[in-house]
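# Results of the structural survey
If you want the building blocks of each chain, they are given just below.
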Amino acid sequence: MADVAEATERTPVSTIEKPQDIPAEWQPNVLAFACHYCAFAAADLAGVMRLSYPPNVKIIRLPCTGKLDHIHVLRAFERGIDGVFVAG
Amino acid sequence: MIVGQQKPFDEIWSMVRDFKKVLVYGCNTCVAICHAGGGKEAEILASMLRMKAAQEGVDMQVDSAAIERHCEPEFFEPLDEKVRTYDLVLSPACGVGVNFLADRLAGAIPVYPGINTSFYGGVPEAGFFVELCGGCGNCILHLTGGICPIVRCSKSLMNGPCGGTNNGKCEVSDQTDCAWYLIVERMKKLGTLEKLLEVQPPRDWSTGTHGGPRRVSLEHIRAYEEKEEKNAATEGK
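Everything in this summary refers to the structure shown in the same document. What you are looking at is a predicted structure, and each value in this text was computed from that prediction instead of being measured. (Residues numbered from 1 in each chain as written. Chains lettered and ligands numbered in written order. Predicted model: local features only at pLDDT ≥ 70, side-chain atom pairs only at ≥ 80, totals over all residues. Heavy atoms only, no water.)

## Some thoughts on a negative patch on the surface
All names here are of chain B. Together, Glu74, Glu77, Glu225, Glu226, Glu228, Glu229 and Glu235 line one region of the surface with negative charge. Examining the composition of the negative patch, we find that five residues originate from one element, helix H9 (residues 219-236), more than from any other. In this fold, Glu74 is placed in helix H4 (residues 73-76). Taking the relative accessible area as the measure of exposure, Glu74 reaches 49% and is therefore partly exposed. (Patch = residues over 30% accessible without salt bridge, like charges linked within 9 Å, V, L, I, M, F, W, Y side chains within 5 Å. Areas by Shrake-Rupley, 256 points an atom, 1.4 Å probe, with all protein chains shown as cover. Salt bridge = Lys/Arg side-chain N within 4 Å of Asp/Glu carboxyl O. Lys, Arg positive; Asp, Glu negative; His and termini not counted. Charge placed at Lys NZ, Arg CZ, Asp CG, Glu CD. Helix = DSSP H or I, 4+ residues; strand = E, 2+ residues; numbered from the N terminus. Buried < 20%, exposed > 50% of the residue type's maximum accessible area, 1.4 Å probe, protein only.)

Rendered as structure tokens:
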């Protein structure tokens, strides 16, 4: 059945950020899409080995990065993610 | 299938920027195959418009939807009411779909095109589309080995190649095969080369695109539908 995909978030003009200087301590928010069978397993192994990575990287596990669609990346940007990392 | 290409984003933005509530309404048939205006492309375009609106400081709601076909009424019905709540429908369907929906909405809200409809074509390989039919209304493919000289020959010649044929390529571009070279080679393989000796008279173009919209009416089907409607009305009484 056809349905309208309504924008889950709407950005009112008042909340749009004005361009500003980047503070020295600023870190980009990075979203990582990782394949369950390789990249996510590698991240898991890194955890087991007690290796650390910056906290501004968030991981989303996918059954396969072949599942990743353009819209997932675009939605991430729409919601304020600064960079998307796809590993698989 | 009908092949189209999405319009440049800046052109789309200039069309939609003055509207507050926009629906990007994709079609999941031909334009989905050519990655121009299916549900996926509608979603992507809607997302890009939302981000552009945010960047430009424009308060705008952009949603997306898609139905299987934009050229038949049944497919529109489930979303009819919802569609009418928007200020603008941006349709990345082919020109047929844009016309069809605009007629259906009858001036209630505008329908703008999101793609440039290019041609009737085939998909010889993924991501590559080529024009193979001009829709001239008077098919002669049986005379030319299944290769259309109307649309594949740059001059639409009917009786062999012009002087510009060059080692199997057209003088217009070395990327374009000479249709008549292809026809001769095909007819040789088919063993029907002698058919080309028959001179084709000047073509009757009255079936072409220059006499207003063309129509095809299947009377037996229309009569059957009318009968069904009458029966339903009688039973309803």
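This is not the end of the story, as more comes after the structure.
## Quick notes on the nonpolar core
Residues and elements named next belong to chain B. Counting 17 residues, the largest nonpolar core has Val16, Val24, Leu49, Met60 and Leu90 as the members making the most contacts within it. Of all elements in the fold, only helix H1 (9-16), strand S2 (21-27), helix H3 (39-56) and strand S4 (88-91) reach the threshold of two or more residues within this core. For this core, the element with the most residues is H3, which contributes five residues. Core analysis: the next-biggest nonpolar cluster, separate from the first, contains 15 residues, Tyr25, Tyr86, Val89 and Leu105 among them. (Core = buried A, V, L, I, M, F, W, Y, C linked by side-chain atoms within 4.5 Å.)

## Observations regarding the packing of aromatic side chains
Under the criterion given, the structure shown has three aromatic pairs over all chains. For the pair Phe19 of chain B and Tyr112 of chain B, a centre-to-centre distance of 5.7 Å together with 85° between the ring planes defines the contact as edge-to-face. Taken together, the residues span a long stretch of sequence, with Phe19 of chain B in the loop between H1 and S2 and Tyr112 of chain B in strand S5 (residues 111-113) at a distance of 93 residues. Here the aromatic rings of Tyr25 of chain B and Phe76 of chain B are separated by 6.2 Å at their centres, their planes lie at 75°, and the arrangement is edge-to-face. Within this pair, whereas Tyr25 of chain B is found in strand S2, its partner Phe76 of chain B is found in helix H4, the two being separated by 51 residues in sequence. The class of Phe76 of chain B is buried, set by a relative accessible area of 0%. Clustering of aromatic rings is evident, with ring pairs tying together Tyr25, Phe76 and Phe100 of chain B. Directly above the aromatic system of Phe40 of chain A lies the positively charged group of Arg61 of chain A, at a separation of 5.5 Å from the ring centroid. The aromatic ring of Tyr86 of chain B is capped on one face by Lys21 of chain B, whose charged end is 4.7 Å from the ring centroid. (Phe/Tyr/Trp six-rings, centres within 6.5 Å; stacked < 30°, edge-to-face > 60°. Lys NZ or Arg CZ within 6 Å of the ring centre and 35° of its normal.)

## Things to note about the sheet that holds strand S3 (residues 83-87) of chain A
Residues and elements named next belong to chain A. Strand order in the open sheet made by the three strands is S2-S1-S3, with parallel pairing throughout. Two strands lie at the open edges of the sheet, namely strand S2 (57-62) and S3, each paired on one side alone. Averaged over all pairs of adjacent strands, the angle between their axes in this sheet comes to 20°, without regard to strand direction. Pairing of strand S1 (residues 30-35) with S2 involves six bridges; the strand directions are parallel. Counted as the bridge partner of Ala34 is Arg61 from S2. Strand contacts of helix H1 (residues 39-48): S1, S2 and S3, with the helix running at about 110° to S1, the strand carrying the most contacts. (Pairing = 2+ DSSP bridges. Axes fitted to C-alpha atoms, helices over the stretch in contact; angles between N-to-C directions. Contact = heavy atoms within 4.5 Å.)

## Observations concerning the packing of H1 of chain B against H3 of chain B
Residues and elements named next belong to chain B. For the pair H1 and H3, interaxial distance at closest approach is 11 Å and the crossing angle is 70°. By the angle class used here, H1 and H3 are roughly perpendicular. In the packing of H1 onto H3, the handedness of the crossing is right-handed. Of the residues in H3, those in contact with Phe9, Ile12, Trp13 and Val16 of H1 are Leu45, Met48, Leu49, Lys52, Ala53 and Glu56. Grouping the constituent residues of the contact of H1 with H3 by class yields eight nonpolar, no polar and two charged. (Parallel < 35°, antiparallel > 145°, perpendicular 65-115°, else oblique. Left-handed = near helix turned anticlockwise from the far one by under 90°. Nonpolar A, V, L, I, M, F, W, Y, C, P; charged D, E, K, R; others polar.)

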